[in-house]
Amino acid sequence: MEEWTVEVEHCKSPKEKPKTEELEFGRIFTDHMLVIDYTEPVGWHDARIIPYQPLTIDPSAMVFHYGQSVFEGLKAYYTPDGDIQLFRPEKNLERMNRSNDRLCIPQIDESHVLKAIKQLVHMEKDWVPTAEGTSLYIRPFIISTEPFIGVAPAHHYKLIVILSPVGAYYKEGINPVKIAVENTFVRAVKGGTGEAKTGGNYASSLKAQELCAKQGFTQVLWLDGVEKKYIEEVGSMNVFFKIDGEIVTPSLNGSILEGVTRNSVIQLLKHWQLPVTEKRISMEELYQAHMDGTLEEAFGTGTAAVISPIGQLSWEGKDLHINNGKTGKVAKALYETLTGIQYGKEKDPFNWIEKVTETETIPVK
Ligand SMILES: *Cc1c(COP(=O)(O)O)cnc(C)c1O
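Because the structure is predicted, anything quoted here is derived from the model rather than measured. (Residues numbered from 1 in each chain as written. Predicted model: local features only at pLDDT ≥ 70, side-chain atom pairs only at ≥ 80, totals over all residues. Heavy atoms only, no water.)

A. Here's a closer look at the UniProt feature "modified residue: N6-(pyridoxal phosphate)lysine" (unreviewed entry) in the chain. The positions UniProt marks with the feature "modified residue: N6-(pyridoxal phosphate)lysine" (unreviewed entry) are Lys 197. Inspection of the secondary structure assignment puts Lys 197 in the loop between β9 (177–181) and α4 (199–203). Assessed through its relative accessible area of 13%, Lys 197 is described here as buried. Ignoring any residue separated from it by four or fewer positions in sequence, one finds Lys 197 in contact with Val 70, Phe 71, Glu 72, Gly 73, Arg 95, Ser 99, Tyr 202 and Leu 257. (UniProt positions renumbered as here; feature names shortened; annotations may be inferred. Helix = DSSP H or I, 4+ residues; strand = E, 2+ residues; numbered from the N terminus. Buried < 20%, exposed > 50% of the residue type's maximum accessible area, 1.4 Å probe, protein only. Contact = heavy atoms within 4.5 Å.)

Here's what the structure looks like:
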């Protein structure tokens, strides 16, 4: 790619920033967004930061019909020193390219896009909330924009990055949730798109989510799509169990989304010299562990919640109460260490943190 610059057009009337109490997830967006176009044969070009605004897209644009799109999710954190920092952002861009590959979307230049994202976050630094547990959520996504309703990979795309100040996930402290093991619907199958972060996986998961919520559960535990025996994920998080002192998580099998948090949890546990294993785990085996009294902890992992302890699992009419419905020791230690690193309150022995600093001069329109 030739010389990389990001053109900037400043918005004329900045919005009022929300108060801490008004922060929730994903309803408020900042003043600017990043847009990069892709056309053939030029490739990705015309990176620009422009005022946040609606898009004008042809109704025949392919994304509306066949769902050729991918997205990512990461956060910018405000530290006690007044810095703004990202957590392993290169992992998200690597994953975006793996998702792109699966969805036949052209590869992006990960380091260029990361640089542009950092420019955007730096421009919007006053939007990073400072209260405990709050952050600026970063949502990069790519849509196919070619006006054509034939079924084929598109030739035109837009990569867009929007930012949303979000409130603390745990406003009243961490509380373990009730989960229903899903026996009817499946999230993904091997060979499908489960490994890719793409909207279609979410669209197909809504029905199960809606039904379990009606029965008083927070989320479902997804089983494998073929035999419905093996554990895959919880809601839109990866899942871990502590069984008889060993921490286990389903191995990446082609239908599980590889979380950045999952990877970080595995690395941390190894660093602490706790036994951690990636393996195939059946629901039957988990139930047996519960009956034997060796199922000690269960928790989900993902960027939004970081760690989400599971207090109860319901499976085929049986209720498995885990750790008396309390947050386990390992879950708590992981939560505290990971958030400590993310918010710059703890040492970062793994070099996971990337500061967002003043960048080189950017041409201003
Ligand atoms: C995004 C996502 C996760 C968690 O990934 P993180 O990188 O840890 O946020 C897990 N499962 C699914 C299905 C996801 O979409």
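Now, onward.
B. How the structure looks around empty space enclosed by the protein. Applying the stated criterion across every chain, the model contains two cavities of 30 Å³ or more. The computed volume of the largest cavity comes to approximately 100 Å³. Around the largest cavity, the lining residues are Gly 73, Leu 74, Lys 75, Tyr 77, Phe 87, Asn 92, Val 260, Thr 261, Gly 302, Thr 303, Val 306 and Gln 342. When residues of the lining of the largest cavity are assigned to their parent elements, the largest contribution, three residues, is made by strand β5 (residues 74–78). For the lining of the largest cavity, a count of residues per class yields five nonpolar, six polar and one charged. Viewed by domain, the lining of the largest cavity spans two of them, domain 1 (7–168 + 353–360) and domain 2 (177–326), each represented by three or more residues. The computed volume of the second largest cavity comes to approximately 40 Å³. Every residue along the wall of the second largest cavity is listed here: Leu 74, Leu 86, Pro 89, Asn 92, Leu 93, Leu 114, Ile 117 and Pro 140. Secondary-structure elements contributing two or more residues to the lining of the second largest cavity are α2 (89–102) and α3 (110–123). (1 Å grid on protein atoms, 1.4 Å probe; cavity = no way out; pocket = protein on both sides within 12 Å on 5 of 7 lines; lining within 4 Å. Points joined across faces, edges and corners; volume = space filled by probe spheres on them. Nonpolar A, V, L, I, M, F, W, Y, C, P; charged D, E, K, R; others polar. Domains from an automatic or database assignment.)

C. Focus on a nonpolar patch on the surface. Among the surface-exposed residues, Tyr 66, Ile 149 and Val 151 lie close enough to one another that they form a single nonpolar patch of about 340 Å² accessible area. Tracing the backbone through its elements, the reader meets Val 151 in the loop between β7 (135–144) and β8 (157–166). (Patch = residues over 30% accessible without salt bridge, like charges linked within 9 Å, V, L, I, M, F, W, Y side chains within 5 Å. Areas by Shrake-Rupley, 256 points an atom, 1.4 Å probe, with all protein chains shown as cover. Salt bridge = Lys/Arg side-chain N within 4 Å of Asp/Glu carboxyl O.)

D. Representation of the packing of α2 against α3. Following both chains from N to C, one finds α2 and α3 inclined at 130 degrees, their axes separated by 10 Å at the closest point. For the element pair α2 / α3, the angle class is oblique. As for how α2 packs across α3, the hand of that crossing is right-handed. Counting all contacts with α2, which are made through Pro 89, Glu 90, Leu 93, Glu 94 and Asn 97, the residues of α3 involved are Glu 110, Val 113, Leu 114 and Ile 117. When grouped by side-chain class, the residues that make up the contact of α2 with α3 number five nonpolar, one polar and three charged. (Axes fitted to C-alpha atoms, helices over the stretch in contact; angles between N-to-C directions. Parallel < 35°, antiparallel > 145°, perpendicular 65-115°, else oblique. Left-handed = near helix turned anticlockwise from the far one by under 90°.)

E. View of the packing of aromatic side chains. In total, this model carries 12 aromatic pairs according to the counting rule given. Measuring from ring centre to ring centre gives 5.7 Å for Tyr 287 and Trp 315, while their planes differ by 55 degrees; the resulting arrangement is tilted. You can see Tyr 287 sitting in helix α7 (residues 283–292) and its partner Trp 315 sitting in strand β16 (residues 306–315), a full 28 residues away along the chain. Classification of Trp 315 by relative accessible area gives buried; the value is 7%. Taken together, the ring pairs connect Tyr 38, Trp 44 and Tyr 157 into an aromatic cluster. (Phe/Tyr/Trp six-rings, centres within 6.5 Å; stacked < 30°, edge-to-face > 60°.)

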